Amino acid sequence: MADTPTTPRTYPHGVPSWVDLETPDVDAALGFYGDLFGWRFTEMLPPGTPERYAVASLDGTDATAVAAIATPSAGLDGEVAWHTYVAVDDVDATAGRVPELGGVVSSGPEDVGPPGEPAGRMARIVDPQGAPSRLVQAGTRPGAQAVNAPNTWNFSNLFTPDVDAALRFYGPLLGWERSDDLGAGMARVPGYGDHLARTVDPRILERQEFVPPGFADVAAGILRGEGPAHWSVAFAVADRDASVAVAEGSGATVLGTEDGEWSKEAVIRDPFGAELVLAQFDPPDSYLEAERQAPKA
């Protein structure tokens, strides 16, 4: 469902709120993702600064901010990748709990963004299974504002070799819970659905009457995966195959495709080495019919 609210979208503690790509060739990445998603970019750091941080949006305004593309921070993470930021109420306090739960704080906490107007306060962490991510306390920028619509961030999944061990870390740190009733791989933040209903999505609970209780609270995926633990970032597209063709034409590699009950997906590797998922919402006919018959707010 498209979701570009007219009031700022905010994120409770424990909910992923932002994604960005760090790559040495920012200009080339702006060209690739501009072509793939139609993004427009705004440079956030002053001219002459050695680092760059370009915020992507659908129309060039903060109201449709989607993600960002940036230069890597020297000595940190060491990979070209899409990174997931998780909202926290107090980044200093939350980062302080990371070591006691078996993780590592690799940098921060520190203010980020233009001097005098911090976009937020951020810490980089690595969980006990080795997955890097970021904790962020919102400042002037509350997080992604356009989500779940074509050409916006859709979802982030944590792949880990030990789901139970990961929950022993993320549960106390971020308030994540897992319910077997919701199916495998869904991490929920209790109260998130109510937050959405109060703010940017008044009909969310009504639309989800037919699913198990708590589904509206789902904030991220947590799935068993082979190899090193890592986050996977998915972007919504209107037509998976058409988007794949654009990506391939611009130098991306297709790593696999899958047609599911609710979506058509493709995993690609961009020309700079970062992997991402292109996801086309493709629900059953029964869902579309229920949507057509539902009263509109």
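The structure we're discussing is the one just above.
Values in this document were obtained by computation on a predicted structure and should not be read as measured data.

### Concerning the side chain of Thr-23
Thought 1: Structurally, the position occupied by Thr-23 is in the loop between β1 (16-22) and α1 (26-37).
Thought 2: Apart from residues lying up to four places away in sequence, Thr-23 is in contact with Ala-29, Ile-69, Ala-70, Thr-71, Pro-72, Val-80 and Phe-272.

### Concerning the side chain of Arg-134
Thought 1: Within the secondary structure, Arg-134 sits in strand β8 (residues 132-138).
Thought 2: Since its relative accessible area comes to 0%, Arg-134 is described here as buried.
Thought 3: Among the polar contacts made by the side chain of Arg-134, one reaches the side chain of Glu-22 at a distance of 3.4 Å.

### Notes on the nonpolar core
Thought 1: Among the nonpolar cores identified, the biggest contains 72 residues, and Tyr-33, Phe-37, Trp-39, Trp-82, Trp-176 and Phe-235 are the most heavily contacted of them.
Thought 2: In this structure Tyr-33 touches Leu-21, Gly-38, Trp-39, Phe-41, Ile-69, Trp-82, Asp-270, Phe-272 and Leu-276, once residues within four positions along its chain are discounted.

### Things to note about unusual backbone geometry
Thought 1: Of the consecutive residues Gly-108 and Pro-109, the connecting peptide bond is found in the cis state with omega at 0°.
Thought 2: Inspection of the secondary structure puts Pro-109 in strand β6 (residues 104-112).
Thought 3: The backbone of Asn-148 sits at a positive phi, close to 65°, despite the residue not being glycine.
Thought 4: Tracing the backbone shows Asn-148 in the loop between β8 and β9 (153-160).

### Brief notes about the sheet that holds strand β16 (residues 275-281)
Thought 1: The strand order across the open sheet formed by eight strands is β10-β11-β12-β9-β13-β16-β15-β14, and the pairing between neighbours is mixed. At either end of the open sheet lies a strand with only one pairing partner, and these are β10 (177-178) and β14 (253-259).
Thought 2: Alignment of strand β13 (residues 230-237) against β16, held across four bridges, turns out to be parallel. Bridged to Ala-234 within β16 is Val-277.
Thought 3: Against the sheet, α1 engages β13 and β16, with an angle of about 10° to β16.
Thought 4: This element, helix α3 (residues 163-174), spans β9, β10, β12 (218-224) and β13 of the sheet and lies at about 145° to β12.

### Here we look at α1
In an α-helix there are 3.6 residues to a turn, and that puts residues three or four apart on one side.
Thought 1: Spanning twelve residues, α1 covers 16 Å between terminal C-alpha atoms, matching the ideal 16 Å at 1.5 Å per step.
Thought 2: Gly-38, located one to two residues past α1, shows a positive phi value of around 70°.

### Notes on α3
Thought 1: Counting buried positions over the twelve residues of α3 gives nine, a clear majority of the element.
Thought 2: Buried within α3 are the following residues: Val-163, Ala-165, Ala-166, Leu-167, Phe-169, Tyr-170, Gly-171, Leu-173 and Leu-174.
Thought 3: Of the residues flanking the end of α3, it is Gly-175, one or two places downstream, whose phi is positive at about 80°.

### Digging into the pattern of salt bridges
Thought 1: Scanning all chains against the criterion turns up 19 salt bridges.
Thought 2: Here Arg-52 makes a salt bridge to Asp-27, at a shortest N to O gap of 2.8 Å. Of this pair, Arg-52 sits in the loop between β2 (40-43) and β3 (53-57) while Asp-27 sits in helix α1, and the two are 25 residues apart along the sequence.
Thought 3: Given a relative accessible area of 24%, Arg-52 falls into the partly exposed group.
Thought 4: One connected set of salt bridges, linked through shared partners, spans Asp-20, Glu-22, Glu-110, Arg-124 and Arg-134.

Quick notes on the rules
Residues numbered from 1 in each chain as written. Predicted model: local features only at pLDDT ≥ 70, side-chain atom pairs only at ≥ 80, totals over all residues. Heavy atoms only, no water. Helix = DSSP H or I, 4+ residues; strand = E, 2+ residues; numbered from the N terminus. Contact = heavy atoms within 4.5 Å. Buried < 20%, exposed > 50% of the residue type's maximum accessible area, 1.4 Å probe, protein only. Polar contact = N/O pair within 3.5 Å; in protein donor to acceptor, adjacent residues only side chain to side chain. Core = buried A, V, L, I, M, F, W, Y, C linked by side-chain atoms within 4.5 Å. Pairing = 2+ DSSP bridges. Axes fitted to C-alpha atoms, helices over the stretch in contact; angles between N-to-C directions. Expected span 1.5 Å × (residues − 1). Salt bridge = Lys/Arg side-chain N within 4 Å of Asp/Glu carboxyl O.

Bear in mind that shape data such as this cannot, by itself, settle questions of function.
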